[in-house]
Structure formats: structure tokens, C-alpha cells
Amino acid sequence: AQSVAQPEDQVNVAEGNPLTVKCTYSVSGNPYLFWYVQYPNRGLQFLLKYITGDNLVKGSYGFEAEFNKSQTSFHLKKPSALVSDSALYFCAVRGKYGNKLVFGAGTILRVKS
Amino acid sequence: DGGITQSPKYLFRKEGQNVTLSCEQNLNHDAMYWYRQDPGQGLRLIYYSQIVNDFQKGDIAEGYSVSREKKESFPLTVTSAQKNPTAFYLCASKQSYGYTFGSGTRLTVV
């Protein structure tokens, strides 16, 4: 069965500092991995995905994520956080031949000025 | 612009009532999904459909029903059998590797 763990309920970071939101996954075979962001009472906005190829994936709004197969991780990173990055972030995984996208519980990111 | 439209944005249900949430897409995507979001639990899959006139149960299908009579539409009915329906409901569609989400419907039992 597929599963995603986001070990931190909340991450706090000062504006201008680098940020990391952690994600580990479990899936049979090669994973398809995604990061989404959600603002209050809104749908999910796509940030980036890993399907195959380069382990470092660059996405929207300056975010990037690194796929680490040996550690089964896909941590989201940004070199310099903005107050406007404050939101709820979801990691999700799907198996190569699967039909279901499975989500983690989400991590609240708070960026303080 | 292409996208997914969910309506209504807010919905109130009395005890024992069935209510239907609308999801329409003009992206020409084959697959559509319904997720339920509760605080601290992420998104859980209710039902999904890969083609017209076919759908499968997700992880928490009890108390819900769906139909897929048209490619563009995938309505979700929350029945009176769903004991705790208060939640935020998200519809999504997929083509190839890309998933697109609607803006959600917040359902509250009154």
C-alpha cells in the first residue's frame, strides 16, 4: 500500500532564511511524487512533481525538491522564504501503475518577518 | 480558461438529508476524483472515475455515492448514511501525470 509521512505538523522560519518541509514515502515500484500548496478555504495548487530523471526538481515560486531513492524522501526546499509562502503544504505519491494519489497529513509553514 | 468548477462553495445540511456537490471540468480529462479533507488528516480518497459510466470506491466511500454520465461532470452525493459529513470536499481531474484541483466545497451539518 502507498503511504506518505510528513513528520512535522508545523515548520516555522524567519523571512529570508532557507526552508525545508520534509516528506517520506512508501510505494511499490517507482514513485511519482508531488508537492501541493493550499491557502485557507482554497483548492490545492501544484508546485512540482518528480516522475523520472534528475533527482533535483525545480517548481513554481522558487521551490525545489530532491528525490532520494535510498532514503525514500522528497523534501521540499526554498533558499529564501517569503511571508507569502505561509500556507499548508502537502506531499503526495502515486505508484507508476497506480490510479490513486495518496497524500500526507500536511505541514503548516509559517514564515515570520 | 480551462479548469475545474466546484459548487456550491459553502453548503449546509440538516441531519438526515442527502446533498449533492457539483464538480465540472472543461479540461477534457478522462479521470476524476473526490477527496475529503479534515484537519490534520490530509486528503482521503472517496471515489474516483477513470472513464465515463465507470467509477471505483476509494478509501472512505461509505455514506457517499457518485455518477459519471458525462466526461465533464462527476457529482458527489453525501447521503444520510454518512455519520460525520462536516468537511472540506475537493474534486480533481487527471490527464497523464498532471492533477488539477477545484476550489472546494465546505459542507457543514446543522
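What counts, and where the lines are drawn
Residues numbered from 1 in each chain as written. Chains lettered and ligands numbered in written order. Predicted model: local features only at pLDDT ≥ 70, side-chain atom pairs only at ≥ 80, totals over all residues. Heavy atoms only, no water. Helix = DSSP H or I, 4+ residues; strand = E, 2+ residues; numbered from the N terminus. Polar contact = N/O pair within 3.5 Å; in protein donor to acceptor, adjacent residues only side chain to side chain. Contact = heavy atoms within 4.5 Å. Pairing = 2+ DSSP bridges. Core = buried A, V, L, I, M, F, W, Y, C linked by side-chain atoms within 4.5 Å. Buried < 20%, exposed > 50% of the residue type's maximum accessible area, 1.4 Å probe, protein only. pLDDT = per-residue confidence, 0-100.

Undergrad: Outline the side chain of Thr105(B), listing residues and values.
TA: Residues and elements named next belong to chain B. If you trace the backbone, threonine 105 turns up in strand E11 (residues 105-109). Here the side chain of threonine 105 touches proline 8 through a polar contact of 2.6 Å, landing on its backbone oxygen. Aside from chain neighbours lying at most four places away, what touches threonine 105 is Gln6, Ser7, Pro8, Lys9, Leu11, Leu21, Ala87, Phe88 and Tyr89.

Undergrad: Quick rundown of the pairing of strand E8 (residues 64-68) of chain A? Include the residues and the values.
TA: Residues and elements named next belong to chain A. As judged from the 3 bridges shared by strand E7 (residues 56-58) and E8, these two strands associate in the antiparallel manner. Residue pairing in the sheet places lysine 58 in a bridge with glutamate 64 of E8. Pairing geometry for E8 and strand E9 (residues 73-78), over 5 bridges, is antiparallel. Note that in E9 the partner of phenylalanine 67 across the bridge is phenylalanine 74.

Undergrad: So what's going on with the nonpolar core? Residues and values would help.
TA: Residue and element names in this part refer to chain A. One finds Trp35, Leu47, Leu48, Phe74, Leu76 and Tyr89 to be the most contacted residues of the largest nonpolar core, which totals 28 residues. By residue number, the principal contributor to this core is strand E10 (residues 87-95), which donates 4 residues. In this structure leucine 47 touches Trp35, Tyr36, Val37, Gly59, Ser60, Tyr61, Phe63, Leu76 and Tyr89, once residues within four positions along its chain are discounted.

Undergrad: Explain unusual backbone geometry residue by residue, including any values.
TA: Look at the link from Ser7(B) to Pro8(B): it is a cis peptide, with omega at -10 degrees. At Tyr61(A), a position not held by glycine, the phi torsion is positive, near 60 degrees. Looking at the element boundaries, Tyr61(A) is found in the loop between E7 and E8. For Tyr61(A), a relative accessible area of 52% corresponds to the exposed category.

Undergrad: Help me get a handle on the confidence of the model for chain B, residues and values and all.
TA: Looking at chain B as a whole, the pLDDT averages 93, with 98% of positions reaching at least 70. Considering each helix and strand of chain B separately, the mean pLDDT is smallest for strand E10 (residues 98-101) of chain B, with a value of 90, and largest for strand E7 (residues 64-66) of chain B, with 98.

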